[in-house]
Amino acid sequence: MPAQAPELSPVELYRLLANMIRAGRVEQVRTGSAADPARCRVRTGELLTTWLPWVSPAAGGSGQTRHWRTPANGEPCLLLAPGGDLAQAVALPGLFSDDMPQGAVSEDVERHDFSESDFWEHNRQSSTLRFEIAAAIELKVGGSVLHITPEGTKLTTPEYTVDSPASTFTGAVTVNGLLTYKAGMAGNAGQGGSNTIQGGFAVTGGTITHNGKRVDDGHTHPDAHGGNTGVPN
Ligand SMILES: [Fe+2]
């Protein structure tokens, strides 16, 4: 036999029915701890609810997908109350309002605003994904870290390969380790500059010329008798 439904007056039934789904605004947020899980209180009409959980896009717990974001103070929400019991309700935030409007106006755009300055945005029409963050972006995979700030960018990684037929650096380049090249070297001292090497310089094989004249170990000089000297020793 199914349990007998309690006999309720039409007024009471109407009250429960009206309380099953109500609109409100988040008024207080508790960010939570192990003892007191995250909850919020919602103002709906005259009533301020007790501490209620809010609905998140994912809550799979540790080791699975979960999404954390606290509702904003004043954020419009729906209260979903099983059986019309508001003490058991959950808050479903995420309704735009005049004072908390949408962040874009195009149907081709998906955008996530984090703050006044920080957001990501995808535009389907231009097929462009853009991240704009004021202070820092950090990408980390194990011990490899790409750290981007307004002051500079640093990539820390055990080995770095640029797989490209041509690379250009528009400014000065400093190499702290051994510089190895495998297909020759060609350069220019530039306007008013000169090429400088400090320390030893050893050449093996080939010839060394200056303005077309050999200065390597195979060069000779004219001698006093109209011939040529031998090579340097
Ligand atoms: Fe010489």
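Here is what the cut-offs are and how they apply
- Residues numbered from 1 in each chain as written.
- Predicted model: local features only at pLDDT ≥ 70, side-chain atom pairs only at ≥ 80, totals over all residues.
- Helix = DSSP H or I, 4+ residues; strand = E, 2+ residues; numbered from the N terminus.
- Rg over C-alpha atoms; globule rule 2.2 N^0.38 Å.
- Contact = placed C-beta atoms within 7 Å.
- Pairing = 2+ DSSP bridges.
- Axes fitted to C-alpha atoms, helices over the stretch in contact; angles between N-to-C directions.
- Buried ≥ 20, exposed ≤ 12 C-beta atoms within 10 Å, placed from the backbone.
- Core = buried A, V, L, I, M, F, W, Y, C linked by C-beta atoms within 7 Å.

The protein chain goes by Phage baseplate assembly protein V in an unreviewed UniProt entry, where it is assigned to Comamonas jiangduensis.

Peer 1: Can you help me understand the overall build of the protein chain in this one?
Peer 2: In terms of regular secondary structure, the protein chain is built from one helix and 13 strands. Along the protein chain, from the amino end to the carboxyl end, the secondary structure elements read α-β-β-β-β-β-β-β-β-β-β-β-β-β. A globule of 233 residues ought to have a C-alpha radius of gyration of about 17 Å, yet the protein chain, at 37 Å, is considerably larger. Taken along its principal axes, the extent of the C-alpha atoms in the protein chain is 135 × 40 × 30 Å. Residue pairs at least 24 apart in sequence account for 31% of intrachain contacts in the protein chain once pairs closer than 6 positions are excluded.

Peer 1: Can you help me understand the sheet that holds strand E8 (residues 128-132) in this one?
Peer 2: Either a parallel or an antiparallel arrangement is found when strands of a sheet pair, and the pairing is made through backbone hydrogen bonds. Read from one edge to the other, the open sheet built from three strands follows the order E6-E7-E8, with strand pairing classed as antiparallel. Unpaired on one side and paired on the other, strand E6 (109-113) and E8 mark the two borders of the sheet. Strand after strand, the sheet turns through a mean of 5° between neighbouring axes, direction not considered. Relative to E8, strand E7 (residues 119-123) runs antiparallel, the two being bridged by five bridges. For His 122, the partnering residue across the bridge sits in E8 and is Leu 129.

Peer 1: Looking at this structure, how should I read the environment of Gly 32?
Peer 2: As for its placement among the helices and strands, Gly 32 is situated in the loop between strand E1 (21-30) and strand E2 (39-44). Given 13 C-beta atoms within a 10 Å radius, Gly 32 is considered partly exposed. Taking the C-alpha atoms as reference points, Gly 32 and Gly 206, 174 residues apart in sequence, are found 74 Å from one another. Discounting residues that sit within four places of it in the chain, Gly 32 has contacts with Pro 37 and Ala 38.

Peer 1: Is there a simple way to explain the environment of Ala 183 in this structure?
Peer 2: Here Ala 183 lies in the loop between strand E11 (152-156) and strand E12 (209-210). C-beta crowding within 10 Å serves as the criterion here: with 4 such atoms nearby, Ala 183 is assigned to the exposed category. Each C-alpha atom, one on Ala 183 and one on Leu 155, is 27 Å from the other, the two residues being 28 residues apart in sequence.

Peer 1: Mind showing me how you'd approach the pairing of E6 here?
Peer 2: When a strand is regular, its side chains alternate between the sheet's two faces. Judged from the five bridges that link them, E6 and E7 form a sheet pairing that is antiparallel. Each residue of the ladder has a partner; that of Arg 111, found in E7, is Glu 121. The hairpin turn running from E6 into E7, its antiparallel successor, is five residues long.

Peer 1: So what exactly am I meant to see when it comes to the nonpolar core here?
Peer 2: For soluble globular proteins, nonpolar side chains are generally found buried alongside one another. Among the nonpolar cores identified, the biggest contains ten residues, and these are Val 26, Cys 40, Val 42, Leu 52, Trp 54, Cys 77, Leu 79, Ala 81, Ala 89 and Ala 91. For this core, the elements supplying multiple residues, two or more each, are E2 and strand E4 (76-80). In this view, Cys 77 contacts Gly 24, Arg 25, Val 26, Val 42, Pro 71, Ala 91, Leu 92, Pro 93 and Leu 95; residues no more than four positions away in its chain are not counted.

Peer 1: Explain the pairing of strand E10 (residues 144-149) to me, please; I cannot follow it from the model alone.
Peer 2: Judged from the five bridges that link them, strand E9 (residues 137-141) and E10 form a sheet pairing that is antiparallel. Bridge pairing in E10 places Leu 139 opposite Leu 146. Following E9, the chain reverses through two residues before pairing antiparallel with E10; Gly 142 in that reversal takes a positive phi of roughly 55°. One ladder, built from five bridges, connects E10 with E11; its direction is antiparallel. Bridging from a neighbouring strand, His 147 pairs with Lys 154 of E11. In textbook terms, the turn of a hairpin is the stretch between consecutive antiparallel strands, and for E10 and E11 this stretch comprises two residues.

Peer 1: What exactly am I supposed to notice about unusual backbone geometry here?
Peer 2: We note that Ser 127 has phi near 50°; this positive angle belongs to a residue other than glycine. If you trace the backbone, Ser 127 turns up in the loop between E7 and E8. Within the chain, Asn 211 stands out as a residue other than glycine whose phi angle is a positive 50°. Mapped onto the elements, Asn 211 comes out in the loop between E12 and strand E13 (213-214).

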